[in-house]
Amino acid sequence: MIMAEERKTIYLCLAHMSEEGIEQKYVKEAFDTNWVVPMGPNVNAFEQNLADFANSNSDGSKLDRKVVCLSAGTAAVHLALLACGVGPGDEVCVQSFTFCASSHPITYLGASPVFIDSEKETWNMDPALLEKAIVERKEKTGKYPKAIVPVALYGMPYKVDEIMAIADKYGIPVVEDAAEGMGSRFNGQVLGTFGKFGVLSFNGNKMITTSGGGALICRDAEDANTVMWRATQARDSYPYYQHSAIGYNYRMSNVCAGIGRGQMTVLDKHIAHHKHVQALYEELLKDVDGVDIHKQPADPRYDANFWLCTATIDENIKIKGQENVYKEVIKTAVGGAAGVIKAVDSATTDCQPNDNVEALRVYMLAKKIECRPVWKPMHKQPVYANAVSYVNGVSESLFKIGFCLPAGPYVSDDDVRYIVDSIKEAIVK
Ligand SMILES: *Cc1c(COP(=O)(O)O)cnc(C)c1O
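Values in this document were obtained by computation on a predicted structure and should not be read as measured data. (Residues numbered from 1 in each chain as written. Predicted model: local features only at pLDDT ≥ 70, side-chain atom pairs only at ≥ 80, totals over all residues. Heavy atoms only, no water.)

In this section: unusual backbone geometry. Excluding glycine, most residues fall at negative phi; most peptide bonds, likewise, are trans. A positive phi angle, near 45°, is found at alanine 234, a position not held by glycine. Its location among the elements puts alanine 234 in the loop between helix 7 (221–231) and helix 8 (254–264). Residue classification places alanine 234 among the buried positions, given a relative accessible area of 0%. Unlike most non-glycine residues, tyrosine 326 shows phi in positive territory, near 60°. (Helix = DSSP H or I, 4+ residues; strand = E, 2+ residues; numbered from the N terminus. Buried < 20%, exposed > 50% of the residue type's maximum accessible area, 1.4 Å probe, protein only.)

As structure tokens, this is what we get:
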């Protein structure tokens, strides 16, 4: 048993390079050939690697999707919505239980999100609520929502068949947010290949990383071409700069794509490790009363990557230090290292995790374990206070009792045992 003082902090999910340093070989190549620009051989090869991965079904059959590399997953959501024709005054049905990058780009386009709550099994978009929203919004506004954005939260596949059937029934395109679900499959097919578009993210904490970056899986070469054109300032074919549309500077750097090429060599290993860690948590948490690890549905079509492992804690379970939580205004924030945090003057909000979840976070941090609340639903965010939402209480109640546990290649079996022991220790008997 390693003592707390000797331990390094166990983070939720960290970038993890190949042991052979293949990433650096491709990055060096970019420098050696002077392709230090947002296009080039690494970008082309990474796109091909990604397409090969996305197109390979478990049964050996192949798809024919095209992939465009972009500067971020958020940019991929933005360009996908644009390609679906989303514009000012339109509505887009988006999963509420998600990271803000699923919904913010809807507002960039002058459109409005219609937030859809989750079902209990996968924690993702509830098909019944989605259909209700589609029908009601048509009645109220005279038009159907322009797109549907389901999310593979923490990598868990959503109810793909049901969501796609509803989308087809009403003729609405689907933008799959598979940013957290890279390599998750439904019925043997990679997530992101079911919709009109599929979003991938290579941010530092995702399944693989390019430091920052993303990609859009497209149905055909024509869509991919349009996306690429918009991602490079929408230039028309003249000897001078001529523009017939508004574009963006969203292409991926050839340096970053070099990292991505290297990471593709460890992707399968990463996914296998995430699944292994989940299995170990499931085993070790089995007899911890009041703590339930979130599992995938027993239906064999579900094949989650378990990007993060998540669990819930019964509100009646007491955690050490619980009486002292939410007393002080916090100076940092979740993911605070990633950017500037706006100072706040209250220690609490009107919708927050239960005291025992916060106490567990604090207890685990002292044990050098990062243990975060699950994402706060978008329909409970102040910035979306006026948005239309279709709710059933599921995501809000999960937010109050849920937490994320470290996963990923850096998390060893010994770490998982230490984490579970720490949870047991934190519970007041
Ligand atoms: C990470 C993430 C994105 C995109 O993120 P980038 O950081 O812009 O690459 C989109 N949706 C979800 C659900 C995410 O977790």
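Spatial ordering of the open sheet is given by 10-12-15-13, a layout of 4 strands whose pairing is antiparallel. With partners counted over all chains shown, the strands left at the sheet margins are strand 10 (291–293) and strand 13 (372–373), one partner each. Where strand 10 lies against strand 12 (residues 309–313), 3 bridges are found, and the strand directions are antiparallel. When the sheet's bridge partners are listed, aspartate 292 is paired in strand 12 with threonine 312. Lying on the sheet, helix 10 (residues 355–366) is in contact with strand 12, strand 13 and strand 15 (402–405); it crosses strand 15 at an angle near 20°. Strands in contact with helix 11 (residues 394–401) are strand 12 and strand 15; relative to strand 15, the strand with the most contacts, it is inclined by about 60°. (Pairing = 2+ DSSP bridges. Contact = heavy atoms within 4.5 Å. Axes fitted to C-alpha atoms, helices over the stretch in contact; angles between N-to-C directions.)

Turning our eyes to something else, we now look at the sheet that holds strand 2 (residues 91–95). The 4 strands are arranged 4-2-3-14 in an open sheet whose pairing can be described as parallel. Each edge of the open sheet is held by one strand with a lone partner, namely strand 4 (147–149) and strand 14 (388–390). Within the sheet, the average angular offset between the axes of one strand and its neighbour, ignoring direction, is 25°. In the sheet, strand 2 pairs with strand 3 (residues 112–116) via 5 bridges, with the strands oriented parallel.

Moving on, we come to the packing of helix 1 (residues 22–32) against helix 8. At a minimum axis distance of 7 Å, the contact between helix 1 and helix 8 shows a crossing angle of 150°. With respect to their mutual orientation, helix 1 and helix 8 come out roughly antiparallel. Judged by the sense of rotation from one axis to the other, the crossing of helix 1 with helix 8 is right-handed. For the pair helix 1 and helix 8, the contacting residues are Ile22, Glu23, Tyr26, Val27, Glu29, Ala30 and Phe31 in the first and Asn254, Val255, Gly258, Ile259, Arg261, Gly262 and Gln263 in the second. Tallied by class, the residues present in the contact of helix 1 with helix 8 amount to 7 nonpolar, 4 polar and 3 charged. (Parallel < 35°, antiparallel > 145°, perpendicular 65-115°, else oblique. Left-handed = near helix turned anticlockwise from the far one by under 90°. Nonpolar A, V, L, I, M, F, W, Y, C, P; charged D, E, K, R; others polar.)

Here we come to the domain arrangement of the protein. Split by domain assignment, the protein resolves into domain 1 (4–14 + 268–426) and domain 2 (22–266). On the side of domain 2, 49 residues touch domain 1, which itself brings 40 residues to the contact. Both faces combined, the contact of domain 1 with domain 2 buries some 3900 Å², and carbon together with sulfur accounts for 61% of it. A per-residue breakdown of the area domain 1 buries against domain 2 is headed by Arg301, Trp307 and Tyr390, which together make up 22% of the total. One can count 1 salt bridge joining domain 1 with domain 2. (Domains from an automatic or database assignment. Buried area = accessible area lost by both parts, 1.4 Å probe. Salt bridge = Lys/Arg side-chain N within 4 Å of Asp/Glu carboxyl O.)

The next point concerns the site of the ligand. Lining the immediate surroundings of the ligand are 15 residues, of which Thr74, Asp177, Glu180, Ser201 and Lys206 lie closest. Contact between the ligand and glutamate 180: an oxygen atom at 2.5 Å from a side-chain N or O atom of the residue. With respect to the ligand, the side chain of asparagine 203 contributes an N or O atom lying 3.0 Å from an oxygen atom. Compared with its free state, where it exposes 380 Å², the ligand has 93% of that area covered by protein. By residue class, the composition of the shell around the ligand is 5 nonpolar, 7 polar and 3 charged. (Near = heavy atom within 4 Å. Polar contact = N/O pair within 3.5 Å; in protein donor to acceptor, adjacent residues only side chain to side chain. Areas by Shrake-Rupley, 256 points an atom, 1.4 Å probe, with all protein chains shown as cover.)

Bringing the pattern of salt bridges into the picture now. A complete count under the given rule lists 22 salt bridges for this structure. Here lysine 146 makes a salt bridge to aspartate 90, at a shortest N to O gap of 3.4 Å. With lysine 146 in the loop between helix 5 (127–141) and strand 4 and aspartate 90 in the loop between helix 3 (73–83) and strand 2, this pair connects stretches of sequence that are 56 residues apart. On the basis of relative accessibility, which here comes to 31%, the residue lysine 146 falls in the partly exposed class. The class for aspartate 90 is buried, based on a relative accessible area of 8%. Across the salt bridge formed by glutamate 358 and arginine 361, the nearest N and O atoms sit 2.8 Å from each other. Of this pair, glutamate 358 and arginine 361 both sit in helix 10, separated by 3 residues, roughly a single helical turn. The class of glutamate 358 is buried, set by a relative accessible area of 9%. On the basis of relative accessible area, arginine 361 is assigned to the partly exposed category, the value being 22%. Several salt bridges converge on common partners, so that one network encompasses Arg7, Asp414 and Asp415.

With that settled, the discussion passes to the pairing of strand 15. Because side chains alternate across strand 15, one face comprises the buried residues Gly402 and Cys404, and the other comprises Phe403 and Leu405, equally buried. In terms of strand pairing, strand 12 meets strand 15 through 4 bridges, oriented antiparallel. Bridged to threonine 312 within strand 15 is glycine 402. Bridging between strand 13 and strand 15 involves 2 bridges; their strand directions are antiparallel. By the bridge assignment for strand 15, proline 373 is matched with phenylalanine 403.

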